[in-house]
Amino acid sequence: MFSYTFGRYYPVNSEFHKMNPFVKLICTFIFLVLVFSTNDQVVLMIFMITTVLTMLLTNVPLYYYLKVIYNLKILILFIVGINYYLGVPFDTIVIMVTKVILGVLYSMVFLFTTKLNDITYALNLLLKPLVIIRVPVKKIVFSISLALNFISTIFLQAEKILKSQASRGIDYRYSNIGGKITALSAMLTPMFVLTLRRADAIADAMEVRLYDYNTKRTSYIARTYHFFDLFMILIHLAIFVMAFWKEWLLSVI
Amino acid sequence: MEIKFEQVNYTYNLRTPLAKKVLNDISLIIPANKINGIVGPVGSGKTTMMELINGLIFPTRGIVTVGNYTIKKAIKGKQLNKLRFDVGIVFQFPEEQFFNITVKEEIIFALQHYQYHLKEIDDRINKALQMVGLNETFLDRNPFNLSGGEKRKVAIASILVFNPKVIILDEPTVGLDYNSKKKLIQLIKKLRKNYHKTIIICTHDVDMLYQIADNIIVINKGNIIIDGPKEEVFSKEELLKANGVGLPKILTFVNKARNNKGINLVNCTDIKDLIKDVYRNV
């Protein structure tokens, strides 16, 4: 019932899929910071071209990216509506919506091409410097990885409940707003109960398999860096520099 | 209500690298007012068939007809809901299909949404509870805290409340103890005999099917291997074994008695009748 596009890993072969997850996360991070910090139309245009090229290079059908944007229609309408009501100029609203769409699309590039374990690995490396100021990075990353693992469990659970509701005449997919609200509100209690039970079961399962949080752990997969990683990080750094030298860039164009 | 599959195909995650074909051009007729069993190994397509009948998913190719309804993507809204009121489905783990905090709310969920009169809702609840053998004290209890058998009964009651013509049960005996299983079998028999429902049971429990089913459909790797009256289907031992379906224990005993000892026992579906026959012959 749920669409495939909920930011799930899309298993095809592409250079982006082979990239080191840490480099990919850094590139995504740089891109998102830049997109949300600029208001210049020309720079946004360059970002748009970069995003489309990146999307094409991932070998993930464009249909999936478009479906994600289509699912955000309510959020986009909300942004447009509230800004229009507050009297924000139309071109500013367009820029705002473009930035949201670009941000989501680039994040999707990361999510479609990176496995869950790789995301955890990348987060671990990204947060590692914080150990110096005594931030419990290991604990945070472990919690994040468990939470990420839970997403699929929660979606499966939600799917079962929605199917159960649909079989009794309230089909979320084809209901009106009232039906949709009934379906979703009825889902919250069992989701909470069943997720807590599942969390308990996972904790027990880890304990009986002698999981010790304080023991030093090694990584099962050795992740290496390739030429494409270097290429991508250089491109993103170049865009970073260019965006900050916007005036210079505009004068060149 | 007769159910007809005409060259039905179904593929999960169509047009993605995760595409998986689960039904291959299946054609069959599931007769009305009978208990029909669908058996097959894990991943053979039983649950997919069941979800197709309820319109939870639509065939990738082919036509599924349930009575006067044709299940295809174009069937939406009121027509789809009418189908759901005529075809009730009880999923494998009732606990996972509950989403209300009292048994009463769980049972009346659909009726409440369709604004039935309160009196009619009460009448229907009482009738549904009576049919599954529960009493009114259960109505205010939390469905998540019931025993396995009781949960299954509440799940069936939440379907019976809108009086469907077809009832689909997915693995109804999983996790049930001997007594709960016995009561469930009695309930299924009663639903067919007294209320003339068409019942479809997807299960691995061939012993239970041999006891209650009229027809058996054997499915493997998305293909219908054989379908027909249970006596005919269970007489093809080799074919069943080749497709990962075992024979019921009673039948295995009868076959062994005939092949090894030359004793011809009557093919009976109940263990008590078998014991009587054994005493008669030995």
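Note that the coordinates shown come from a computational prediction; the quantities given were computed from them, not determined experimentally. (Residues numbered from 1 in each chain as written. Chains lettered and ligands numbered in written order. Predicted model: local features only at pLDDT ≥ 70, side-chain atom pairs only at ≥ 80, totals over all residues. Heavy atoms only, no water.)

Caption draft 1: Highlighting the sheet that holds strand β3 (residues 35-39) of chain B. Residues and elements named next belong to chain B. One open sheet accounts for six strands, arranged β6-β7-β8-β3-β9-β10; its pairing is mixed. On the outer flanks of this sheet lie β6 (87-90) and β10 (223-229), each paired with one strand and no other. On average, each strand axis in the sheet is tilted by 15 degrees relative to the strand beside it, whichever way the strands run. By the bridge criterion, four bridges tie β3 to strand β9 (residues 215-220) in an arrangement that is parallel. Its bridge partner being in β9, V39 is matched across the sheet by V218. Each of β3, β6, β7 (166-170), β8 (198-202), β9 and β10 touches helix α1 (residues 46-53); the most contacted strand, β7, lies at about 150 degrees to it. Contacting β6 and β7, helix α6 (residues 148-160) crosses the sheet at an angle of about 165 degrees to β6. (Pairing = 2+ DSSP bridges. Helix = DSSP H or I, 4+ residues; strand = E, 2+ residues; numbered from the N terminus. Axes fitted to C-alpha atoms, helices over the stretch in contact; angles between N-to-C directions. Contact = heavy atoms within 4.5 Å.)

Caption draft 2: Spatial organisation of the interface of chain B and chain A. At the interface, 36 residues of chain B touch 27 residues of chain A. Here chain B meets chain A over a buried area of about 2,600 Å², counting both sides, of which 61% is carbon and sulfur. Its largest share of buried area at the contact with chain A, chain B owes to E96, F99 and F109 of chain B, together 24% of the area lost on that side. Here E51 of chain B and K163 of chain A are joined by a salt bridge, their closest N and O atoms 2.9 Å apart. Applying the counting rule to chain B against chain A returns two residue pairs in polar contact (both at pLDDT 80 or more). The set of elements that each furnish at least two residues to the side of chain B that touches chain A consists of α2 (77-86), β6, α3 (94-97), α4 (103-113) and α6 of chain B. Grouping the constituent residues of the side of chain B that touches chain A by class yields 19 nonpolar, ten polar and seven charged. (Buried area = accessible area lost by both parts, 1.4 Å probe. Salt bridge = Lys/Arg side-chain N within 4 Å of Asp/Glu carboxyl O. Polar contact = N/O pair within 3.5 Å; in protein donor to acceptor, adjacent residues only side chain to side chain. Nonpolar A, V, L, I, M, F, W, Y, C, P; charged D, E, K, R; others polar.)

Caption draft 3: Representation of helix α5 (residues 73-85) of chain A within the structure. Residue and element names in this part refer to chain A. Between its terminal C-alpha atoms α5 stretches 18 Å, which fits the 18 Å expected from 13 residues at 1.5 Å a residue. The set of residues buried in α5 consists of I76, I79 and N83. An end-on view of α5 places all buried positions within 60 degrees of arc, on one side of the element. Among the exposed residues of α5, those oriented more than 90 degrees off its buried face are I74, L77, F78, Y84 and Y85. Contacts from the buried residues of α5 go to α4 (62-71) and α6 (90-113). (Expected span 1.5 Å × (residues − 1). Buried < 20%, exposed > 50% of the residue type's maximum accessible area, 1.4 Å probe, protein only. Arc of directions from axis to C-beta.)

Caption draft 4: Structural context of the domain arrangement of chain B. All names here are of chain B. Segmenting chain B into domains produces domain 1 (3-247) and domain 2 (248-282). Distance from the C-alpha centre of domain 1 to the C-alpha centre of domain 2: 32 Å. The interface is formed by nine residues belonging to domain 1 together with ten residues belonging to domain 2. For domain 1, the biggest contributors to the area lost against domain 2 are D207, Y210 and L247; these three give 71% of the whole. Counting across the interface, domain 1 meets domain 2 through one salt bridge. Across the pair K249 and D207 runs a salt bridge whose closest N-O atoms are separated by 3.2 Å. Where domain 1 touches domain 2, the interface holds one residue pair in polar contact (both at pLDDT 80 or more). The set of elements that each furnish at least two residues to the side of domain 1 that touches domain 2 consists of α8 (206-212) and α9 (230-234). Looking at the side of domain 1 that touches domain 2, the element that brings in the most residues is α8, giving four residues. Across the side of domain 1 that touches domain 2, the residue classes tally to four nonpolar, two polar and three charged. (Domains from an automatic or database assignment.)

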